[in-house]
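# Results of the structural survey
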Amino acid sequence: MEFNEYLYRTYSSWLGKNIGVIMGASIESWLHKDIMRTYGEIDGYPLYYKGHFAADDDINGPLFFYRSLLNEPDENIDVEKMTEVILGYIADGHGFFWWGGKGISTEDTAYQNLKSGMSGLMSGKIETNGKTIAEQIGGQIFSDCWGYVAYGNPDTAKKLAMKMSSITHDGDGLRGGIFVAVMIALAYTMDDAYEIVNEALNYIDDSDYKKAVMDIIRIYDDGLSYKEAEEYVLDRYRYANYDGVCHIIPNTAIMILALLYGENDFDKTLKIVMECGYDTDCNGGNVGSIMGAMLGVKGINEKWIRPLGDEIISSSSVPYLNLDTISNTALKFALMGARLKGERHDEYLNNHYYFDLPYATHGFNTDYNRYNTIVLNNYDKALHCIITGYKSYKCNIYKKTYYMPDEVFDARYEPSMAPLINNGSKIRMKLSGPKDRISLRYYVKDRYDNYYYGDCFNIDGEASWYEFTVDFDKKACYVEFGLEVILNERIFNDVMLIHEFEIVPVYNYEIDFRNEVTEDWGLNYLGDSHIFELSQLANQKRLAKYTKDGLELNGDTVCFGNIYATLHQLELSGKFDNIDGFELRIDLKDHLHYLGISFSDSNVKAYIRNGRNEIKELFFGNLMHKNDNFSLILKQDNGIIILSIGDEVFKINHELNDISGAIAFASSFNTCGTITGCKLESSNCNI
């Protein structure tokens, strides 16, 4: 399969996943009779979200699990290395892996096992957690990514899914992870759902899971009508027949029913999944992935695609990664799948956004009005901005770079984010369109609705690159960038094209933690308390807090900043009554991969952490600085960190090519103090 076709089908499969999840989110756990009494038949989204949808666990899982391959793109990666993605990207006791605590949620039970030091080889086992916990649905709802990266190769899909699913699940829970990943991998090269289901059976052993799938195939082969089959499945495989909160087999039975009776039609297949009830978002997401890979984008009605807005708001503990787009993440899946086969596609550059895929808008929107209307449409590998309006009237084409809580409709899975742009960022756009008929101004907007504008310019007709540097307020939290479009004459349906754009990972900004805010994102998953996040940060344990004096860590770890930018200088100020246990982490890729500098009352230590159990000490020195007012300056260049604390200077050879990653502050419960501010400056980096 050529890469372009592979990318197209991965995008279609990932679209199907997102559609199925969002379609089912508002009726999750409903029973069939209640859905039919309320909606009759479902032929659209049951709920149009008034605001942006924060991805739930079904979307977060594939989005971050595949990242276990970033450092080791090999299907033979071991389980312990895959375990690191859970401890590296998932928050402790909140976020997308948690919904009920140890002994209730399979995923959180496994997470707590790992946190206690247990091996990933044992954390999900039946002998560790019991059969009821091990066989809940999560084994299969996170496994889509293994089908994406192993496209057309079910053996590789099985191998990867089996390893990752085993960290949290066992028994039929593990088999479900394998079965779904294999079906998705097969769907890239097969065109009939019945054949995909039957072929995938060859990749799981004899079990209750396999018997359930074969049972649904049997009634289909026996010629039962859909209504007869539906009644059979909802009776034979009802939740009451199985232990646990959300057993995998009843939901698998619904998925197979839909795949067999859906007649290879996306709408009909998803309709069956939704109307049957139970875990509708999980089942819809997995089935959507299979159907999307099999049918391609042309097989999905645009009524499902356009409301998504080509955007994903997610919930990892590395906040810069939590605002992305469906089309961009599909490209990341495909590039990883190519790497697994030893292929590189260097024509796709990091931090560049392309419009090659149908419906790809990368979250761009317009605030058109009655006198200047701009409609956005993806066509011929570009974003077409179709302009109609009167002379001198203006309209913005914009992209959100940070979301405030009131802009997100459902945040039960607790997203947190760092801005995609900061002061110092460069935004580059490749534009073409009507020469002299319109004028453009770059702008950015901060969270207090202050607008900052660049100079006016005209585009040259031919596709050319235009660049804008954000250099206004170093302390601003920028939530949006865009183009102000000014009409120089009356225009009827002229077109400006955005061919691609780039956010260059450079920054020169400050955070004054005394002026940051605690954001209320609404009720948590259980509805018994509110979700509070720290603006511009993600906190690992939700113990850190803002006060009038700044940021108190309270034994927590907080993360912020652009994960792709190369750090040049960092300045930190605060007041510590006891600095023992305070730690600065830079070059952070996730919470198990970073360069750490830790402090106590009498020493400073630097080390590199490259995994769960891989720590290399770089430096150890005596610290004479007294606590109280604390001022730190870190500069790095050519493999050396110069660390200044008061009058003391330490030189640390860090042995890295560069330091490009997010920033984190961590503390033990011994640490007593407040961080008042942080200044960050990055250098231009080759990406």
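Rules of the game
- Residues numbered from 1 in each chain as written.
- Predicted model: local features only at pLDDT ≥ 70, side-chain atom pairs only at ≥ 80, totals over all residues.
- Heavy atoms only, no water.
- 1 Å grid on protein atoms, 1.4 Å probe; cavity = no way out; pocket = protein on both sides within 12 Å on 5 of 7 lines; lining within 4 Å.
- Points joined across faces, edges and corners; volume = space filled by probe spheres on them.
- Helix = DSSP H or I, 4+ residues; strand = E, 2+ residues; numbered from the N terminus.
- Nonpolar A, V, L, I, M, F, W, Y, C, P; charged D, E, K, R; others polar.
- Patch = residues over 30% accessible without salt bridge, like charges linked within 9 Å, V, L, I, M, F, W, Y side chains within 5 Å.
- Areas by Shrake-Rupley, 256 points an atom, 1.4 Å probe, with all protein chains shown as cover.
- Salt bridge = Lys/Arg side-chain N within 4 Å of Asp/Glu carboxyl O.
- Buried < 20%, exposed > 50% of the residue type's maximum accessible area, 1.4 Å probe, protein only.
- Pairing = 2+ DSSP bridges.
- Contact = heavy atoms within 4.5 Å.
- Axes fitted to C-alpha atoms, helices over the stretch in contact; angles between N-to-C directions.
- Phe/Tyr/Trp six-rings, centres within 6.5 Å; stacked < 30°, edge-to-face > 60°.
- Lys NZ or Arg CZ within 6 Å of the ring centre and 35° of its normal.

## Notes on the layout of surface pockets
Volume-wise, the second largest pocket comes out at about 940 Å³. Taken together, 39 residues line the second largest pocket, and the ones lying closest to its centre are Arg306, Pro307, Leu308, Gly309 and Asp310. Elements supplying a minimum of two residues to the lining of the second largest pocket: α1 (3-25), β1 (52-53), β2 (312-313), β5 (365-366), β6 (372-379) and β8 (394-400). A total of 4 residues in the lining of the second largest pocket trace back to one element, the largest contributor, which is α1. Considering only residue class, the lining of the second largest pocket consists of 22 nonpolar, 10 polar and 7 charged.

## What to know about a nonpolar patch on the surface
A contiguous nonpolar surface patch, about 290 Å² in accessible area, is contributed by Tyr371, Tyr390 and Tyr393. Residue placement: tyrosine 393 occurs in the loop between β7 (382-389) and β8. For tyrosine 393, a relative accessible area of 38% corresponds to the partly exposed category.

## Observations concerning the pairing of strand β25 (residues 593-599)
Of all the 7 residues making up β25, 7 are buried; the element is thus mostly covered by neighbouring parts of the structure. On β25, burial covers both faces: His593, Leu595, Ile597 and Phe599 on one face and Tyr594, Gly596 and Ser598 on the other are all buried. Pairing geometry for strand β24 (residues 583-590) and β25, over 5 bridges, is antiparallel. Each bridged residue has a counterpart across the sheet, and for aspartate 590 the counterpart in β25 is histidine 593. Turn length for the β24-β25 hairpin, with the two strands adjacent in sequence and antiparallel, is 2 residues. Here β25 runs beside strand β26 (residues 603-610); their pairing, made up of 7 bridges, is antiparallel. When the bridges of β26 are listed, serine 598 appears paired with lysine 605. Linking β25 to β26, which pair antiparallel, is a turn of 3 residues.

## What about the sheet that holds strand β27 (residues 615-622)?
Pairing is antiparallel across the open sheet formed by 7 strands, whose spatial order is β19-β22-β31-β24-β25-β26-β27. Each edge of the open sheet is held by one strand with a lone partner, namely β19 (538-539) and β27. One ladder, built from 7 bridges, connects β26 with β27; its direction is antiparallel. Across the sheet, the residue bridging to lysine 605 is phenylalanine 620, located in β27. With respect to the sheet, helix α4 (residues 79-89) is in contact with β24, β25 and β26, its orientation differing from that of β24 by roughly 125 degrees.

## Let's talk about the packing of aromatic side chains
For the structure on display, the rule yields 56 aromatic pairs. Both rings, one in tyrosine 443 and one in tyrosine 451, keep their centres 5.5 Å apart while their planes meet at 40 degrees; by these two values the pair is tilted. Take tyrosine 443: its relative accessible area is 1%, and that puts it in the buried class. Linked through ring pairs, Phe513, Tyr546, Phe560, Phe576, Phe582, Phe599, Phe630 and Phe665 together constitute an aromatic cluster. Note that arginine 236 overlies the ring of tyrosine 237, its terminal NZ or CZ placed 4.6 Å from the centroid. Positioned over the ring face of tyrosine 453 is arginine 441, at 3.9 Å from the centre of the ring.

## Some points on the environment of alanine 360
Mapped onto the secondary structure, alanine 360 falls in the loop between β4 (352-354) and β5. C-alpha separation for the pair alanine 360 and serine 327, spaced 33 residues apart in sequence, amounts to 5.8 Å. In this structure, alanine 360 is in contact with Tyr11, Asp310, Ser327, Tyr354, Phe355, Asn378 and Leu383, ignoring residues within four places of it in sequence.

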